[in-house]
Amino acid sequence: AASDVYKRQIQLSDGAWLAPASLEIKVEGREIWTAFSDRSEDQGKTWIRSEDFVMPTLEDGKPDPRFGGEGAIQPTFWESKPGQVHALLRTGAGIVWRTDSTDGGKTWGIYTATDLPNNNSGLDALRLKDGRVVLIYNPVGENWGARTPLDIAVSSDNGHTWDIIAHLEDDPDIKGEYSYPAIVETEDGIAVCYTWKRERIRLWQI
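Residues numbered from 1 in each chain as written. Predicted model: local features only at pLDDT ≥ 70, side-chain atom pairs only at ≥ 80, totals over all residues. Heavy atoms only, no water.

Q: Teacher, can you tell me more about the overall build of the chain here?
A: The secondary structure content of the chain amounts to zero helices and 16 strands. What you see for the chain is a C-alpha radius of gyration of 17 Å, in line with the 17 Å of a compact globule of 206 residues. Its C-alpha atoms give the chain principal-axis dimensions of roughly 40 × 40 × 30 Å. Looking at the chain residue by residue over its 206 residues, the buried ones come to 50%. Taking as baseline every contact in the chain between residues at least 6 positions apart, the subset at least 24 positions apart corresponds to 42%. Approximately 10,600 Å² of the chain is accessible, and the part contributed by carbon and sulfur atoms is 51%. (Helix = DSSP H or I, 4+ residues; strand = E, 2+ residues; numbered from the N terminus. Rg over C-alpha atoms; globule rule 2.2 N^0.38 Å. Buried < 20%, exposed > 50% of the residue type's maximum accessible area, 1.4 Å probe, protein only. Contact = heavy atoms within 4.5 Å. Areas by Shrake-Rupley, 256 points an atom, 1.4 Å probe, with all protein chains shown as cover.)

Q: For this particular structure, what's the right way to read the pattern of salt bridges?
A: Side chains carrying opposite charge are able to pair once their charged atoms draw close together. Following the criterion strictly, the structure yields 11 salt bridges and no others. Where glutamate 185 meets lysine 129, a salt bridge forms, and the shortest distance between an N and an O atom there is 3.8 Å. In this pair, glutamate 185 is assigned in strand E14 (residues 178-186) and lysine 129 in the loop between strand E10 (124-127) and strand E11 (133-137), connecting sequence segments 56 residues apart. Classification of glutamate 185 by relative accessible area gives partly exposed; the value is 31%. According to the relative accessible area criterion, lysine 129 is exposed, its value standing at 73%. What emerges from the salt-bridge pattern is a single network uniting Asp14, Arg39 and Glu41. (Salt bridge = Lys/Arg side-chain N within 4 Å of Asp/Glu carboxyl O.)

Q: Even after reading the chapter, I still don't get the sheet that holds strand E12 (residues 150-155), so can you show me in this structure?
A: Spatially, four strands are ordered E10-E11-E12-E13 in an open sheet, and the strand pairing comes out antiparallel. Two strands in the sheet have a free side with no partner beyond their single neighbour: E10 and strand E13 (163-169). Each neighbouring strand pair of the sheet contributes to a mean axis angle of 20°, computed without reference to strand direction. Across five bridges, E11 lies against E12 in antiparallel orientation. Residue pairing for E12: leucine 135 is matched across the bridge by alanine 153. (Pairing = 2+ DSSP bridges. Axes fitted to C-alpha atoms, helices over the stretch in contact; angles between N-to-C directions.)

Q: Help me understand the environment of lysine 197 in this model?
A: Within the fold, lysine 197 resides in the loop between strand E15 (189-196) and strand E16 (200-205). Beyond its immediate chain neighbours, meaning those up to four positions away, lysine 197 contacts Asp171, Gly176, Glu177 and Tyr178.

Q: Would you take a moment to explain the nonpolar core for this structure?
A: Formed by 16 residues in total, the largest nonpolar core has its most connected members in Leu18, Phe53, Phe77, Leu89, Trp108 and Tyr111. If you list the elements that add at least two residues to this core, you get strand E6 (72-81), strand E7 (84-91) and strand E8 (95-101). Counting residues per element, this core draws most heavily on E7, which supplies three residues. Not counting the four nearest positions on each side in its chain, tryptophan 108 is found in contact with Leu18, Ser37, Ser50, Phe53, Phe77, Val85, His86, Ala87, Thr99, Asp100 and Ser101. (Core = buried A, V, L, I, M, F, W, Y, C linked by side-chain atoms within 4.5 Å.)

Q: Would you mind going over the sheet that holds strand E9 (residues 112-117) with me for this structure?
A: Sheets are built from strands paired through backbone hydrogen bonds, the pairs being either parallel or antiparallel. The four strands lie next to each other as E6-E7-E8-E9, forming an open sheet whose pairing is antiparallel. With one partner strand each, in any of the chains shown, E6 and E9 form the two edges of the open sheet. Pairwise comparison of adjacent strand axes, ignoring direction, gives a mean angle of 30° for this sheet. Here seven bridges tie E6 to E7, and the two strands are oriented antiparallel to one another.

Q: Help me out: how do you make sense of the packing of aromatic side chains in this one?
A: One pair of aromatic rings is described through two measures. These are the centre distance and the angle between the planes. Using the criterion set out here, one finds six aromatic pairs in the structure. Here the aromatic rings of phenylalanine 77 and tryptophan 108 are separated by 5.2 Å at their centres, their planes lie at 25°, and the arrangement is stacked. Of the two residues, phenylalanine 77 sits in strand E6 while tryptophan 108 sits in the loop between E8 and E9, which places them 31 residues apart along the sequence. Both residues of the pair, phenylalanine 77 and tryptophan 108, belong to the buried class. Here a set of aromatic residues connected by ring pairs shows up, and it is made of Phe53, Phe67, Phe77, Trp97, Trp108 and Tyr111. Of note, arginine 49 hangs over the ring of phenylalanine 36, and the distance from its end group to the ring centre comes to 3.6 Å. (Phe/Tyr/Trp six-rings, centres within 6.5 Å; stacked < 30°, edge-to-face > 60°. Lys NZ or Arg CZ within 6 Å of the ring centre and 35° of its normal.)

Here you go:
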């Protein structure tokens, strides 16, 4: 099994640390992805794992066709109000999935579909001090699609709708890859870094 812990933790309004995590396992030759959160109330000395985030089903109990592929991994978190935590996730379904928590990441709701395309590549979100949420991602709605372009989008309604504000990379060459982004707030704005063509790291101060 492979575990994803590269995404950064966030500190919640109650002082707890919340870290995104996921697993990639094979069951009878089929790869299954699950995501969850780890919460620490003692500054990382001990951690409590949440239950796996839950896949939705239709009224007849069958899987919802919008939630296909292997599952979801590599969540990115933000807190909008005390205890109100939100996650966006990488999937193989062609779209980003979302789940929300009302108790600081201890428990989570069922996945919902977003309008954001996803190419089975990592993404990262950040809530700014002014309440807007910034997202860096590849807006490609194809499983294992090209990891180009790489865009920044901003939401003013807590991640329900997004406006693309910048193309950091836009390489028509299918071999161009811009992936595994990370974004943090700085004194001067935001800093963004990501893998550049699997050759080096590129950093932007915006």
